[in-house]
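# Coordinate analysis (summary)
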Amino acid sequence: MAEEVIIARESKNLTGTVQVSGAKNSALKLIAAAILGQGPSTIHNVPLISDIDIMSQVVECLGAKVQRQGHTLQVDTTGVQDGEAPYELVSKMRASISVLGPMVGRFGHARVAMPGGCQIGARKIDMHLVGMSQLGVSFQMDHGFLEASCPEGLHGAQIYLEFASVGATENTMMAAVVAKGHTTIENAAREPEIVDLANMLNAMGCKVSGAGNSTIEIEGVPLESLHPCEHRTVGDRIEAGTFLVGGALMGGPLTVTGIDPSFLRMATMKLQAMGCDVQLGADSITVSRTRPLQATDIQTLPHPGFPTDLQAQFMLLAAVAEGTSRITENVFENRFMFAAELMRMGATIYIEDHHALVEGVDHLEGAPVESTDLRGGAALVLAGLAAEGETVIRAIHHIDRGYEDYVGKLEALGANVERRVIG
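This text gives an overview of the structure that appears in the document.

About the cut-offs
Residues numbered from 1 in each chain as written. Predicted model: local features only at pLDDT ≥ 70, side-chain atom pairs only at ≥ 80, totals over all residues. Heavy atoms only, no water. Helix = DSSP H or I, 4+ residues; strand = E, 2+ residues; numbered from the N terminus. Rg over C-alpha atoms; globule rule 2.2 N^0.38 Å. Buried < 20%, exposed > 50% of the residue type's maximum accessible area, 1.4 Å probe, protein only. Contact = heavy atoms within 4.5 Å. Areas by Shrake-Rupley, 256 points an atom, 1.4 Å probe, with all protein chains shown as cover. Axes fitted to C-alpha atoms, helices over the stretch in contact; angles between N-to-C directions. Parallel < 35°, antiparallel > 145°, perpendicular 65-115°, else oblique. Left-handed = near helix turned anticlockwise from the far one by under 90°. Polar contact = N/O pair within 3.5 Å; in protein donor to acceptor, adjacent residues only side chain to side chain.

## Re the overall build of the protein
Scanning the protein from terminus to terminus reveals 14 helices and 24 strands. The C-alpha radius of gyration of the protein comes to 22 Å, within 12% of the 22 Å expected for a compact globule of 423 residues. Expressed as lengths along the three principal axes of its C-alpha atoms, the size of the protein is roughly 65 × 45 × 40 Å. By residue count, 57% of the 423 residues in the protein fall in the buried class. The contacts in the protein between residues at least 6 apart in sequence include a share of 73% that link residues at least 24 apart. When the accessible surface of the protein is split by element, carbon and sulfur atoms take 48% of a total near 16100 Å².

Here it is in structure tokens:
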């Protein structure tokens, strides 16, 4: 059976400049937020990736019209009706659950298929429900669908999230903006994507303040006062971090542009700790390395801690660094699946519970490997560029979910890499 793969061959270096696409994890939620605008909103800097196509289909199932022109989406939600987000789409991408908040906000009701499991962990949605329930939303399960309703209307509340969950913060925000009265979300997620969503909501006429801090304040406004808007998606910090790891792995210098360096403060600190030189510009980061990579310890945490979405890429760096690194995964329980594939290429990794001990080796060897998830797949391609011989990466649909033209961008930096249909 024919299958498209990425073939990565030993390359001399990755050097040059790469423009970062719009943030996947932001654009997905901005599309959902457009439901509250009740008209044609325009979102710029939207990446050309498969996850965006799926989210577009989700809102189209609800009655929206989505048109793309290059990296700009027009999302017309005039015709959105109180329908349901079907399992066929929600099962492909968990971020689809983010239509829950805006649908409840607009209609007082939502019906969304339960997303099920995930390659990198269960990622339960309890906190989404806890936050929204305090706004007056009640939930019940109906044959695999989550039914949300608030017969007495949404009302402001003092909400404390048990964990600084990005999805729970976003869904709660998008419902609270039209709740009567004042809402405070404490222990809110602080990711840059939260700030981006708040900025779009405010452009629609909402009153959100404090995004980017652990406490978010929301003054509810009437739904009828909201309107469509025009908004530009922030740069993708995880794509930027992935390319920076490539530069660190191969030597560079490699520059990523279109990214706020403050988004990657912890990652750039770790690059420096591993022996890299890092230069920060107004909207760019440059990494280079002339010394051997050094081992370091990493533990993933919600922002501004070290991002779980860069854990696999830094495990790759640790695999060829001098010494033993300890990596602790605190966010997703199955994120170490990538390690088994890297070990096929000669890495020495010992895993116990949510800890990984990575003993650096002097080289990796090309091998057939399989993407286990989005970020692990991207890291395997980089591993193939540094390894002796040829590496064939399968299941590359994972990579296409979050990286626009990944192979093309790597080729422009000097990588010996190609996509090919085999079988």
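The structure having been displayed, the exposition proceeds.
## Observations regarding the packing of helix 11 (residues 337-344) against helix 12 (residues 374-386)
Between helix 11 and helix 12, the shortest axis-to-axis distance is 10 Å and the interhelical angle comes to 15 degrees. The orientation of helix 11 relative to helix 12 falls into the category roughly parallel. As for how helix 11 packs across helix 12, the hand of that crossing is right-handed. Mapping the contact onto sequence places Phe338, Glu341 and Leu342 in helix 11 and Gly376, Ala379, Leu380 and Ala383 in helix 12.

## With respect to the environment of leucine 244
Along the polypeptide, leucine 244 turns up in helix 8 (residues 237-250). Residue leucine 244 is classed as buried on the basis of its relative accessible area, which comes to 2%. Contact partners of leucine 244, with chain neighbours within four places excluded, come to Leu254, Val256, Leu264, Leu271, Ile285 and Val287.

## Some points on helix 12
Among the 13 residues that make up helix 12, twelve are buried, leaving the element largely enclosed by the rest of the structure. For helix 12, the complete set of buried residues consists of Leu374, Arg375, Gly376, Gly377, Ala378, Ala379, Leu380, Val381, Leu382, Ala383, Gly384 and Leu385. The N-cap of helix 12, judged by a side-chain oxygen 3.1 Å from the amide nitrogen of arginine 375 a few residues on, is aspartate 373.

## Examining unusual backbone geometry
In this model, glycine 252 is joined to proline 253 through a cis peptide bond whose omega is 5 degrees. Within the secondary structure layout, proline 253 lies in the loop between helix 8 and strand 15 (254-257). Backbone torsion omega between histidine 303 and proline 304 reads 15 degrees, so that peptide bond is classified as cis. Phi at asparagine 45 is positive, roughly 60 degrees, even though this residue is not glycine.

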